[in-house]
Amino acid sequence: MFESLSDRLQAVFQKLGSKGILTEEDVREAMKQVRLALLEADVNFRVVKDFVAKVTEQAIGEEVTKSLTPHQQVIKIVHQELINLLGAENVPLQEARPGPTVIMLVGLQGTGKTTLAAKLALHLRKKGKRVLLVAADVYRPAAITQLQALGRQLNIPVYSEGTQASPPDIAEHALEHARKELFNVVIIDTAGRLQIDEPLMQELEQIENRVHPIERLLVVDAMTGQEAVRVAETFNQRVKLTGVVMTKMDGDARGGAALSVRAVTGVPIKFLSTGEKVDGNTLEVFHPDRLASRILGMGDVLSLIERA
Amino acid sequence: EKSRQGIFGRIAKLFANDDPITDELWDELEEALLQADVGLETTQYLVNRTLDRVNRHGVKKAREARDMLKAEMVRTFAEYAGQKRPDAKPYVILVVGVNGAGKTTLIAKLAHRYKNRFGKKVLLAAGDTFRAAATEQLETWAERAGVPCVSLGQGADAAAVVYKAIDAALEQDVDILIVDTAGRLHAKYNLMQELEKIRNIIARKLPGAPHETILVIDATTGQNGVLQAKAFLKAAGVTDVAVTKMDGTAKGGIAFAIAQDIERPIRYIGTGEKLDDLALFDAQTFVDALFAEPKTVKG
Ligand SMILES: Nc1nc2c(ncn2[C@@H]2O[C@H](COP(=O)(O)OP(=O)(O)OP(=O)(O)O)[C@@H](O)[C@H]2O)c(=O)[nH]1
Ligand SMILES: Nc1nc2c(ncn2[C@@H]2O[C@H](COP(=O)(O)OP(=O)(O)OP(=O)(O)O)[C@@H](O)[C@H]2O)c(=O)[nH]1
Ligand SMILES: [Mg+2]
Ligand SMILES: [Mg+2]
């Protein structure tokens, strides 16, 4: 498992012995390997299907540049197409005018929302903003304590009303508080929820109606498999997402879920999050080329090809 | 809406009737398994094996082919089930897994089950001394489940917590001691070494322990799950696997590759965020659900 795509493609072309122009047979054989690589990287099955169809069409008849071998040529095409699909680099967070800018974090259980709330707060404070964190998860045991501990660690205030208040009320009161105290940014940490949990999805809509967050970020665990698309589609339908953040990128998951989510919803990937620690440089701005290489599991090979 | 219905909807239909077996059938079968995170390699292995059997047995009906595939999967799961468990008191259970998989919640459910269903005296150890409010989270659960919890708070040495908990378990005549650990990504060498150390400390303090080491896997996990399982098996000697968050739409298909790869049984299924939301793994139910229509609303 996880043999590199480059090795696999090399084997394909050795067998075919192609040069000059990529024939239909070349491309079809190569695309079997590409399909395998993408599925192993957790790119959604449907997305893989469309992608392979598109790239196949594009690659047949392509001239193989002198400086590249056929397998390198295929990788180059695949890589470029992945980059296109992943979308623009670095779509910045929007700012509300007049402020405060309200950011709401949503997602499945355990994806890293609370941790991200703290990381984002630090990130924005470094840009000179006054940030207020809002504890709107009243369900998970010690969720508020968790956010408060992180806030204390970073010296960022946390607005909380305990676990008896309703999250939409908490959000609204937090915004009033932020206006009065002249905070620039309000980050709402919501409870993790399944996209099929109707009462909790309604709760998100209520929060949205009450405080109109300009950023509604879906927090996705980099280890997520085929499910990512279904989750993202539903969250997007309910609260019109403005961005996606991939967490736990410090592991060895390829992160194909990010590609799937982007391809299916069109929502831009705004940050990649690495590490459990909330201080330091734990938020990476998103670079499509790097993520494409990671999905293909071949950083080094690619930089060689890019230079050719 | 149409595309979402697509794969699973068609499968169910194709297999429900007595249609002859076609190539398309195998493609659709493959699609269903891929969509459930079974993984391409495992999927092709399963489909090819079933194809073989179908040919050998002269099976003609689509529905029978499906049942053969399911039986193949159920049989594989069964191979690793039913191993003997040591008799020990205190019986120590170590719970491990990547960040946010559902370890702490599973521990609460296990405590509740052992206490209420089996009348056992349970003690919890707050071995995650790293994550913010991890100890408070476990303490809250302990209170709800009505079991005691040994905690030294955040920042304490996890080994010290384990030491203290084992002493307390021996002193208080505890039947079951369940140890929580900090979530860690399996690719992080230092953190995995630290886990190995915790395990060794438990073994030194109480020979034979931990008697059970449960790896917790989130049902939404993709192909990375196999790497997780291998790494945790190596560092912590996993004996059982729990798949959490099965109340969502994720099918947890990676569990199949995991069970096969590390040759361990899937033991528990997490089905929610409450103390009672725990089920024993049943291979047939799991495999049936893998091919079922996706759920849409929660009651
Ligand atoms: N390694 C790593 N761990 C992370 C990252 N982000 C979050 N975590 C860890 O993942 C686990 C879950 O993070 P939380 O921030 O509590 O996730 P959540 O989405 O708020 O969880 P719920 O509120 O229960 O839905 C914790 O152990 C975090 O330390 C990351 O980028 N890398
Ligand atoms: N829907 C659902 N949510 C679950 C299940 N099990 C756990 N959760 C939720 O998943 C999130 C993470 O659970 P935890 O038990 O804190 O996970 P953990 O592995 O201990 O996390 P870390 O200690 O941060 O690594 C929480 O919001 C839980 O309520 C389950 O079976 N179903
Ligand atoms: Mg949280
Ligand atoms: Mg925990």
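Note that the structure is a prediction, hence the values are computed from the model and not measured. (Residues numbered from 1 in each chain as written. Chains lettered and ligands numbered in written order. Predicted model: local features only at pLDDT ≥ 70, side-chain atom pairs only at ≥ 80, totals over all residues. Heavy atoms only, no water.)

## A few points about the overall build of chain B
Turning to step 1, where the next piece is worked out: Along its length, chain B carries eleven helices and eight strands.
Turning to step 2, where the next piece is worked out: At 21 Å, chain B has a C-alpha radius of gyration in line with the 19 Å of a compact globule built from 299 residues.
Turning to step 3, where the next piece is worked out: In terms of its C-alpha atoms, chain B occupies a principal-axis envelope of roughly 65 × 40 × 35 Å.
Turning to step 4, where the next piece is worked out: Counting every position in chain B, which comprises 299 residues, the buried fraction comes to 59%. (Helix = DSSP H or I, 4+ residues; strand = E, 2+ residues; numbered from the N terminus. Rg over C-alpha atoms; globule rule 2.2 N^0.38 Å. Buried < 20%, exposed > 50% of the residue type's maximum accessible area, 1.4 Å probe, protein only.)

## With respect to the overall build of chain A
Turning to step 1, where the next piece is worked out: Secondary structure assignment for chain A yields twelve helices and eight strands.
Turning to step 2, where the next piece is worked out: Reported as C-alpha extents along the three principal axes, the dimensions of chain A are approximately 70 × 40 × 35 Å.
Turning to step 3, where the next piece is worked out: Contacts in chain A between residues far apart in sequence, at least 24 positions, make up 78% of those at least 6 positions apart.
Turning to step 4, where the next piece is worked out: Counting 37 positive and 39 negative side-chain charges, chain A places the averaged centre of each group 3 Å from the other. (Contact = heavy atoms within 4.5 Å. Lys, Arg positive; Asp, Glu negative; His and termini not counted. Charge placed at Lys NZ, Arg CZ, Asp CG, Glu CD.)

## Comments concerning the confidence of the model for chain B
Residues and elements named next belong to chain B.
Turning to step 1, where the next piece is worked out: In this model, chain B carries a mean pLDDT of 91, and residues with pLDDT of at least 70 account for 92%.
Turning to step 2, where the next piece is worked out: Taken together, the stretch residues 1–10 has pLDDT below 50 and engages in 22 contacts with residues farther than four places along the chain or on a different chain.
Turning to step 3, where the next piece is worked out: Across the interface, the model reports ipTM at 0.95; the global pTM reads 0.95. (pLDDT = per-residue confidence, 0-100.)

## Brief notes about the site of ligand 2
Residue and element names in this part refer to chain B.
Turning to step 1, where the next piece is worked out: Looking at ligand 2, there are 22 residues lining it, with K103, T104, T105, R131 and E273 nearest.
Turning to step 2, where the next piece is worked out: Measuring from an oxygen atom of ligand 2, one finds a backbone N or O atom of A101 at 3.2 Å.
Turning to step 3, where the next piece is worked out: The side chain of K103 places a nitrogen or oxygen atom 2.7 Å from an oxygen atom of ligand 2.
Turning to step 4, where the next piece is worked out: In the complex, 96% of the free accessible area of ligand 2, which totals 650 Å², lies under the protein chains.
Turning to step 5, where the next piece is worked out: Residues that form the shell around ligand 2 fall into these classes: two nonpolar, twelve polar and eight charged. (Near = heavy atom within 4 Å. Polar contact = N/O pair within 3.5 Å; in protein donor to acceptor, adjacent residues only side chain to side chain. Areas by Shrake-Rupley, 256 points an atom, 1.4 Å probe, with all protein chains shown as cover. Nonpolar A, V, L, I, M, F, W, Y, C, P; charged D, E, K, R; others polar.)

## Points about the side chain of T282 of chain A
Turning to step 1, where the next piece is worked out: Among the structural elements, T282 of chain A can be located in the loop between β7 (269–273) and β8 (283–285).
Turning to step 2, where the next piece is worked out: Contact partners of T282 of chain A, with chain neighbours within four places excluded, come to K119, L272, S273, T274 and K277 of chain A.

## Describing the interface of chain B and chain A
Turning to step 1, where the next piece is worked out: At the interface, 49 residues of chain B touch 45 residues of chain A.
Turning to step 2, where the next piece is worked out: Interface area for chain B against chain A, summed over the two sides, is near 4,100 Å², with a carbon-plus-sulfur share of 57%.
Turning to step 3, where the next piece is worked out: Where chain B packs against chain A, one counts three salt bridges.
Turning to step 4, where the next piece is worked out: Inspection of the chain B/chain A interface yields 18 residue pairs in polar contact (both at pLDDT 80 or more).
Turning to step 5, where the next piece is worked out: Counting only elements with at least two residues in the side of chain B that touches chain A, the list comes to α1 (2–16), α2 (23–35), α3 (40–56), α6 (134–145) and α9 (224–236) of chain B. (Buried area = accessible area lost by both parts, 1.4 Å probe. Salt bridge = Lys/Arg side-chain N within 4 Å of Asp/Glu carboxyl O.)

## Some points on the site of ligand 1
Turning to step 1, where the next piece is worked out: The full set close to ligand 1 counts 23 residues, and G112, K113, T114, T115 and R140 of chain A are the nearest of them.
Turning to step 2, where the next piece is worked out: More than one chain reaches ligand 1: the nearby residues come from chains A and B.
Turning to step 3, where the next piece is worked out: Q146 of chain A places a side-chain nitrogen or oxygen 2.9 Å from an oxygen atom of ligand 1.
Turning to step 4, where the next piece is worked out: One of the backbone N or O atoms of G192 of chain A is found 3.4 Å from an oxygen atom in ligand 1.
Turning to step 5, where the next piece is worked out: Considering each element in turn, the shell around ligand 1 owes the most residues, four residues, to helix α5 (residues 113–126) of chain A.

## Looking at the packing of aromatic side chains
Residue and element names in this part refer to chain B.
Turning to step 1, where the next piece is worked out: Applying the stated criterion across every chain, the model contains five aromatic pairs over all chains.
Turning to step 2, where the next piece is worked out: Taking 5.0 Å as the distance between ring centres and 65° as the angle between the ring planes, the aromatic pair formed by F77 and F281 counts as edge-to-face. With F77 in helix α4 (residues 62–80) and F281 in the loop between β8 (278–280) and α11 (283–290), the pair connects residues that are 204 residues apart, well separated along the chain.
Turning to step 3, where the next piece is worked out: The exposure class assigned to F77 is buried, which follows from its relative accessible area of 5%.
Turning to step 4, where the next piece is worked out: Here F281 falls in the buried class, since its relative accessible area comes to 17%. (Phe/Tyr/Trp six-rings, centres within 6.5 Å; stacked < 30°, edge-to-face > 60°.)

## Notes on α5 of chain A
Residues and elements named next belong to chain A.
Turning to step 1, where the next piece is worked out: The terminal C-alpha atoms of α5 lie 20 Å apart, and with 14 residues this matches the ideal 20 Å at 1.5 Å per residue to within 8%.
Turning to step 2, where the next piece is worked out: Most of α5 is tucked away: eleven of the 14 residues are buried.
Turning to step 3, where the next piece is worked out: Every buried residue belonging to α5 is among K113, T114, L116, A117, A118, K119, L120, A121, L122, H123 and L124, and all of these are buried.
Turning to step 4, where the next piece is worked out: Looking at the residues trailing α5, positive phi occurs at G128, about 90°. (Expected span 1.5 Å × (residues − 1).)

## Things to note about the pairing of strand β2 (residues 122–125) of chain B
Residue and element names in this part refer to chain B.
Turning to step 1, where the next piece is worked out: With burial as the criterion, each face of β2 is covered, one bearing V122 and L124 and the other bearing L123 and A125.
Turning to step 2, where the next piece is worked out: Bridge count between β2 and strand β4 (residues 176–179): four bridges; the pairing is parallel. Bridging from a neighbouring strand, V122 pairs with I176 of β4.
Turning to step 3, where the next piece is worked out: In the sheet, β2 pairs with strand β3 (residues 149–150) via two bridges, with the strands oriented parallel. In the sheet register, A125 faces β3, and the bridge partner there is V150.
Turning to step 4, where the next piece is worked out: Handedness of the crossover joining β2 and β3 through α6 is recorded here as right-handed. (Pairing = 2+ DSSP bridges. Right-handed = clockwise from strand over helix to strand, strands pointing away.)

## Notes on the sheet that holds β8 of chain A
All names here are of chain A.
Turning to step 1, where the next piece is worked out: On the basis of which strands lie adjacent, the open sheet formed by eight strands has the order β3-β2-β4-β1-β5-β6-β7-β8 and mixed pairing. Because the sheet does not close on itself, it has two edges, and the strands there are β3 (158–159) and β8.
Turning to step 2, where the next piece is worked out: Across six bridges, the pairing between strand β2 (residues 131–136) and strand β4 (residues 185–190) is parallel. Bridging from a neighbouring strand, A135 pairs with D189 of β4.
Turning to step 3, where the next piece is worked out: The sheet strands contacting helix α6 (residues 143–154) are β2, β3 and β4, and the helix crosses β2 at an angle near 165°.
Turning to step 4, where the next piece is worked out: Those strands touched by helix α8 (residues 198–211) are β1 (101–106), β4 and β5 (215–221), and its axis lies near 175° from that of β1. (Axes fitted to C-alpha atoms, helices over the stretch in contact; angles between N-to-C directions.)

## Structural notes on the environment of M104 of chain A
Residue and element names in this part refer to chain A.
Turning to step 1, where the next piece is worked out: Take M104: it is sitting in strand β1.
Turning to step 2, where the next piece is worked out: Exposure remark for M104: the relative accessible area of 0% places this residue in the buried category.
Turning to step 3, where the next piece is worked out: Beyond its immediate chain neighbours, meaning those up to four positions away, M104 contacts I188, T190, L204, I207, E208, P213, E215, R216, L217 and V239.

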